[in-house]
Number of protein chains: 2
Amino acid sequence: MQSFSSLSTQFEKQFEAVQFPKSPEGLYDPCRYILTIGGKRVRPVALLMGTELFNDIVSDAFHVANAIELFHNFTLMHDDIMDKAPLRRGVPTVSAKFGDSTALLAGDVMLISSYDLLNKLTGNYLSTVIALFNLTAKQVCEGQQLDIEFEKREMVTFDEYLNMITLKTSVLLAASLRLGAIVGGASLGNQNSLYKFGKNLGIAFQIQDDYLDAFGDPSKFGKQVGGDILSNKKTFLLIHALEVANAGQKSALQSLLQGNAPDKVEQVLKIFKDCKVDQWANELKDKYYTMAMEHLEEIAVLNSRKTELILLAKYLLQRDS
Amino acid sequence: MQSFSSLSTQFEKQFEAVQFPKSPEGLYDPCRYILTIGGKRVRPVALLMGTELFNDIVSDAFHVANAIELFHNFTLMHDDIMDKAPLRRGVPTVSAKFGDSTALLAGDVMLISSYDLLNKLTGNYLSTVIALFNLTAKQVCEGQQLDIEFEKREMVTFDEYLNMITLKTSVLLAASLRLGAIVGGASLGNQNSLYKFGKNLGIAFQIQDDYLDAFGDPSKFGKQVGGDILSNKKTFLLIHALEVANAGQKSALQSLLQGNAPDKVEQVLKIFKDCKVDQWANELKDKYYTMAMEHLEEIAVLNSRKTELILLAKYLLQRDS
């Protein structure tokens, strides 16, 4: 079994061979640009681990990993148009740098290109791979649509948010692992367990992401701490706080949301702590981590093959033990 | 061999079975909406004719025809965002009715769904079909990107415009015919000839479209006659006029383009006629029609099988003989 860093290096090396045509430059330069911005390549590496759980990593696994990474970058391009985002990973987004129309078209051509990569498969699972890829791609669009709708709504329940975030982010990690397993020749039962491992891990990661935005160490957290609070983003924390707060806390929270007090972040955090939202979020994250691990245990391969996936989970969830 | 109208009825009937999920409605209602706006369904019917040129029409042909029609509607959704178009076929565009973000996402999910339809193929040509579908889809994006770029440029040559319009519109008709031929089991040679028939026919159709916008009978032409002239659109006519006009005509044309004179359309049309642009356009259309017909003749099947494709060409190009 190979480590995340070893697989990441291998992935990156061969991913450079994914080329776009030279012309028209106006269309393909943005595609090249977004791929150079980088990223941790978590999904394609998870996919390779999904293959290696059952078999040696064959070239087909790299083709699907490349397709997943292109698909992920397509979603970033289109999301940044919708969010009018100026920056991604510290540099201008494609829409900010090249304009919305080009970002739209470049995203389209990148999505189409991901099917070119799938179409390189030599194994007898092209149709199975496309079916899961499509299902997941549609779910990601559904999650993004719900996210847009939730922004405009007054109230979102915990279950609604959980469903949205599962569609928008978790299923792509789950599908990456399962696509790797398909290429690796895994049984349906093992594929299902691995998918559930990925889905629960993805949810735990998202809970952590919401938690760190509020309670993270500013020196370690990549983004501005309190950003979600300042933008009134409906997160696991805010949704839960509104559900458990007493009448006084709830009305204080709602007037804070409606205003822009200079100490808005501190005041909201105080209410979160009074409602024990921080403790609740950590327990919820642990619950999903535990469920992920139980699904990993179900998979009928030698335990020694699972080591790197356990390390991946701990790495994503910043766990020491 | 079945007529356009018979195939169109059959296509429409089974196309109704292409369903989108009920929820989230915010994402899938726009998909349902654009399909009810209708359209002539030229591409899917051409595809079915491509199959019937060589064989009986099997269910696989309908799957690919459905995918082509979904793809075409995806391009309409995204084009209307880029063009900020308020209306399509007399009713509000998806972007005008549901907003740009939803039109973007609904377009994405419709493109993904077209691959779901391709993935229903039972014949041994899934990979061949996806390869041509992808190539064509990327070319359509390239054509749209060039169209956007040309709008901002001072000068566009005839060859550049021809290339753009071929990518943006002709290759999809050509590919539809060829995809039908693939499903029908045609030889590579026959596939190539049919593709060239469609490509030249598409170019002839586009020349006619530009011609009718300027010289068409307002009572028969669906759109406002002179619309291209009013919006300074670079068309076959304008590009050719700027290439053949003498110094006086050219400077008159350029000052007309820069202004908004009340008789702009009449004055530009007068220069077009002085430069014999109308005659040139009709000859050019005939040239591409003739080339299309020559490629149709190359196809090694009984002449009697070609009747409906000849009628399709005449219908598209409004020819009596």
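Because the structure is a prediction, the values reported are computed rather than measured.

## Focus: the overall build of chain A
So, point 1. Each helix and strand in chain A was counted, giving 15 helices and two strands.
So, point 2. Taking 20 Å as the expected radius of gyration for a compact globule of 321 residues, we find that chain A reaches 20 Å, a close match to that expectation.
So, point 3. Once the C-alpha set of chain A is aligned to its principal axes, its extents read approximately 65 × 50 × 35 Å.
So, point 4. Contacts in chain A between residues far apart in sequence, at least 24 positions, make up 75% of those at least 6 positions apart.

## Structural notes on the relation of the copies chain B and chain A
So, point 1. Note on the identical chains: chain B maps onto chain A by a rotation of 180° and an axial translation of 0.0 Å, with an RMSD of 0.0 Å. Read as a symmetry element, the transformation amounts to a two-fold axis.
So, point 2. With an isologous cut-off of 70% or more, the 100% of interface residues of chain B that recur at the interface of chain A puts this contact in the isologous class.

## Notes on the packing of helix H7 (residues 126-152) of chain A against helix H8 (residues 158-183) of chain A
Residue and element names in this part refer to chain A.
So, point 1. Here H7 crosses H8 at 165°, and the two axes come no closer than 7 Å. It follows that H7 is roughly antiparallel to H8 by the angle criterion. As for how H7 packs across H8, the hand of that crossing is left-handed. Listed contacts from H8 to Thr 128, Val 129, Leu 132, Thr 136, Gln 139, Val 140, Glu 142, Gly 143, Gln 144, Leu 146, Asp 147 and Phe 150 of H7 are Met 164, Leu 167, Lys 168, Val 171, Leu 172, Ala 175, Arg 178, Leu 179 and Ile 182.
So, point 2. The class makeup of the residues in the contact of H7 with H8 is 12 nonpolar, five polar and four charged.

## Notes on helix H11 (residues 236-244) of chain A
The periodicity of an α-helix, 3.6 residues per turn, causes residues three or four places apart in sequence to face the same way.
So, point 1. Inspection of H11 of chain A places Phe 236, Leu 237, Leu 238, Ile 239, His 240 and Ala 241 of chain A among the buried residues, and these make up the whole buried set.
So, point 2. If you follow the buried residues of H11 of chain A, they end up packed against H8, helix H9 (188-215), helix H12 (247-258), helix H13 (264-274) and helix H14 (277-298) of chain A.

## A few points about the interface of chain B and chain A
So, point 1. On the side of chain A, 31 residues touch chain B, which itself brings 31 residues to the contact.
So, point 2. Looking at the side of chain B that touches chain A, the elements with two or more residues in it are helix H2 (25-37), helix H4 (59-82), helix H6 (100-118) and helix H7 (126-152) of chain B.
So, point 3. If one sorts the elements of the side of chain B that touches chain A by residue count, H7 of chain B sits on top with 14 residues.
So, point 4. For the side of chain B that touches chain A, a count of residues per class yields 17 nonpolar, nine polar and five charged.

## Things to note about the packing of H4 of chain B against H7 of chain B
All names here are of chain B.
So, point 1. One way to put it is that H4 packs onto H7 with a least axis distance of 12 Å and a crossing angle of 20°. With respect to H7, the element H4 is oriented roughly parallel. Between H4 and H7 the crossing geometry is right-handed. Note on element contacts: H7 touches H4 through Val 129, Phe 133, Ala 137, Val 140, Gln 144 and Ile 148, opposite Val 64, Ala 67, Phe 71, Thr 75, Asp 79 and Met 82.

## Let's talk about the confidence of the model for chain A
So, point 1. Mean pLDDT over chain A: 95, with 98% of residues reaching 70 or higher.
So, point 2. Overall fold confidence (pTM) sits at 0.96, and the ipTM for the predicted complex is 0.95.

## Examining the environment of Asp 274 of chain A
Residue and element names in this part refer to chain A.
So, point 1. Looking at the element boundaries, Asp 274 is found in helix H13.
So, point 2. Here Asp 274 falls in the partly exposed class, since 14 other C-beta atoms lie within 10 Å of it.
So, point 3. Between the alpha carbons of Asp 274 and Ala 241 there is a distance of 9.5 Å; along the sequence they are 33 residues apart.

## Quick notes on the environment of Val 268 of chain A
All names here are of chain A.
So, point 1. Relative to the helices and strands, Val 268 resides in helix H13.
So, point 2. Residue classification places Val 268 among the buried positions, given that 25 C-beta atoms sit within 10 Å.
So, point 3. Linking Val 268 and Leu 253, residues 15 residues apart in sequence, is a C-alpha distance of 6.6 Å.
So, point 4. Dropping the residues within four chain positions of it, Val 268 is found in contact with Ile 229, Leu 253 and Leu 256.

## A short note on unusual backbone geometry
So, point 1. Residues Ser 23 of chain A and Pro 24 of chain A are joined by a peptide bond in cis, for which omega reads -5°.
So, point 2. Mapped onto the elements, Pro 24 of chain A comes out in the loop between helix H1 (4-15) and helix H2 (25-36).
So, point 3. Unusually for a residue other than glycine, Arg 89 of chain B sits at a positive phi of about 50°.
So, point 4. One non-glycine residue, Asn 232 of chain B, lies in positive phi territory at about 55°.
So, point 5. Structurally, the position occupied by Asn 232 of chain B is in the loop between helix H10 (227-230) and helix H11 (236-244).

## Points about H8 of chain A
All names here are of chain A.
So, point 1. Look at H8: 36 Å from first C-alpha to last across 26 residues, which is about the 38 Å you get at 1.5 Å a residue.
So, point 2. Where H8 bends most, the angle comes to about 50°, and this point is Ser 170.
So, point 3. The element H8 is largely enclosed, with a buried count of 19 among its 26 residues.
So, point 4. Gly 185 lies just past H8 and shows a positive phi near 80°.

## Quick look at the environment of Ala 85 of chain A
Residues and elements named next belong to chain A.
So, point 1. Inspection of the secondary structure assignment puts Ala 85 in the loop between helix H4 (59-82) and strand E1 (87-88).
So, point 2. A tally of 15 C-beta atoms within 10 Å means that Ala 85 is categorised as partly exposed.
So, point 3. In contact with Ala 85, not counting residues within four places along its chain, are Asp 80 and Thr 93.

Scoring rules and cut-offs
Residues numbered from 1 in each chain as written. Chains lettered and ligands numbered in written order. Predicted model: local features only at pLDDT ≥ 70, side-chain atom pairs only at ≥ 80, totals over all residues. Helix = DSSP H or I, 4+ residues; strand = E, 2+ residues; numbered from the N terminus. Rg over C-alpha atoms; globule rule 2.2 N^0.38 Å. Contact = placed C-beta atoms within 7 Å. Least-squares fit on C-alpha atoms with pLDDT ≥ 70 in both. Axes fitted to C-alpha atoms, helices over the stretch in contact; angles between N-to-C directions. Parallel < 35°, antiparallel > 145°, perpendicular 65-115°, else oblique. Left-handed = near helix turned anticlockwise from the far one by under 90°. Nonpolar A, V, L, I, M, F, W, Y, C, P; charged D, E, K, R; others polar. Buried ≥ 20, exposed ≤ 12 C-beta atoms within 10 Å, placed from the backbone. pLDDT = per-residue confidence, 0-100. Expected span 1.5 Å × (residues − 1). Bend = angle between axes of the 7 residues up to and from the residue.

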